[in-house]
Each structure stands twice: as structure tokens, then as C-alpha cells.
Amino acid sequence: MTPHVTNGMPAEALGRTGWHNWSGPNGGTCLEAKRLPGRRVALRQSADATGPALICPLDGFAAFLEAVKDGQADFLLTPPSAPTHTPAPAPTESTR
């Protein structure tokens, strides 16, 4: 019997088969995805296969992938630039 699928449910409740893994040079913390019935996709962290699953509509996930291919998610891969600090102006005769 297929469980009622909800965002944040334990990924293990979606079954052990059908997960596809994307590995990287990050020490084993990888993303896994699984196609679900009802035009949905589940995502989980492989290092926490029993943890929560993010459930996305297939159309939304496809749009996300296209945006990634287009470079729109590149900001996630680069460290944020250091905030610039603008010193307060020195007090003048009129502000003392």
C-alpha cells in the first residue's frame, strides 16, 4: 500500500527502491531523487535516508532544473560577498 504522500514525511516511507543518487566530492552527502505517482518528485539527502523528503510537483521541479541549467542558481554555489561597511560621516559644526 502506498502511503499518503506529504511534504516532510520520512523518506523511508516512500520505499527503498527508485531513488537516483547524484554524488559529488562532498564526503558522501548527496542528493537523491525519486519520481512519484501523481506527477511528483521526492528529494532526500542520502546521508539521512530516513529523514524528511521534500515533495515537489513535477512541473515545478522541471522549471527548477531549467533555471539551474540557465545559471539562475549559480548564486547558491558562490559565497556571499562580504557586506560593505560605510563609515558614518564625521560630525560637523551643524550636527554637534
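For the structure, check the block above.
Predicted, not measured: the structure shown is a model, and the values here were computed from it. (Residues numbered from 1 in each chain as written. Predicted model: local features only at pLDDT ≥ 70, side-chain atom pairs only at ≥ 80, totals over all residues. Heavy atoms only, no water.)

Student: Mind laying out the overall build of the protein chain, listing which residues take part and the relevant values?
Tutor: Helices and strands together make up the secondary structure of the protein chain, namely one helix and four strands. Listing every helix and strand of the protein chain by position from the N terminus yields β-β-β-β-α. Within the protein chain, the proportion of its 96 residues that are buried is 24%. Residue pairs in contact within the protein chain that sit at least 24 positions apart in sequence constitute 29% of those at least 6 positions apart. (Helix = DSSP H or I, 4+ residues; strand = E, 2+ residues; numbered from the N terminus. Buried < 20%, exposed > 50% of the residue type's maximum accessible area, 1.4 Å probe, protein only. Contact = heavy atoms within 4.5 Å.)

Student: Tell me about the pairing of strand β2 (residues 31-36), and please be specific about residues and values.
Tutor: Inspection of the sheet shows strand β1 (residues 20-22) paired to β2 by three bridges, in the antiparallel sense. Within β2, the residue paired with H20 across the bridge is A33. As judged from the six bridges shared by β2 and strand β3 (residues 40-45), these two strands associate in the antiparallel manner. Looking at the pairing, L31 lines up with Q45 of β3. (Pairing = 2+ DSSP bridges.)

Student: So what about the nonpolar core? Which residues, and what values?
Tutor: One finds V5, M9, A11, L14, W19, L36, A42, A53 and I55 forming the largest nonpolar core, which totals nine residues. Judged by nonpolar contacts, the second largest core, of six residues, contains A33, V41, C56 and F61. (Core = buried A, V, L, I, M, F, W, Y, C linked by side-chain atoms within 4.5 Å.)

Student: Describe the environment of A73, naming the residues involved and giving the relevant values.
Tutor: Looking at the element boundaries, A73 is found in the segment after α1 (58-69). In this structure A73 comes out as buried when scored by relative accessible area, which is 13%.

Student: Lay out the layout of surface pockets with the relevant residues and their values.
Tutor: Roughly 150 Å³ of volume is contained in the largest pocket. Along its surface, the largest pocket is lined by F64, V68, A73, D74, L76 and L77. (1 Å grid on protein atoms, 1.4 Å probe; cavity = no way out; pocket = protein on both sides within 12 Å on 5 of 7 lines; lining within 4 Å. Points joined across faces, edges and corners; volume = space filled by probe spheres on them.)

Student: Mind laying out the side chain of R44, listing which residues take part and the relevant values?
Tutor: Within the fold, R44 resides in strand β3. Under the relative-accessibility criterion, R44 is labelled buried at 11%. Within the structure, the side chain of R44 is placed 3.4 Å from the backbone oxygen of A49, a separation counted as a polar contact. Once residues lying within four places of it in the same chain are set aside, the contact partners of R44 are A11, G15, W19, C30, L31, E32, A49 and P52. (Polar contact = N/O pair within 3.5 Å; in protein donor to acceptor, adjacent residues only side chain to side chain.)

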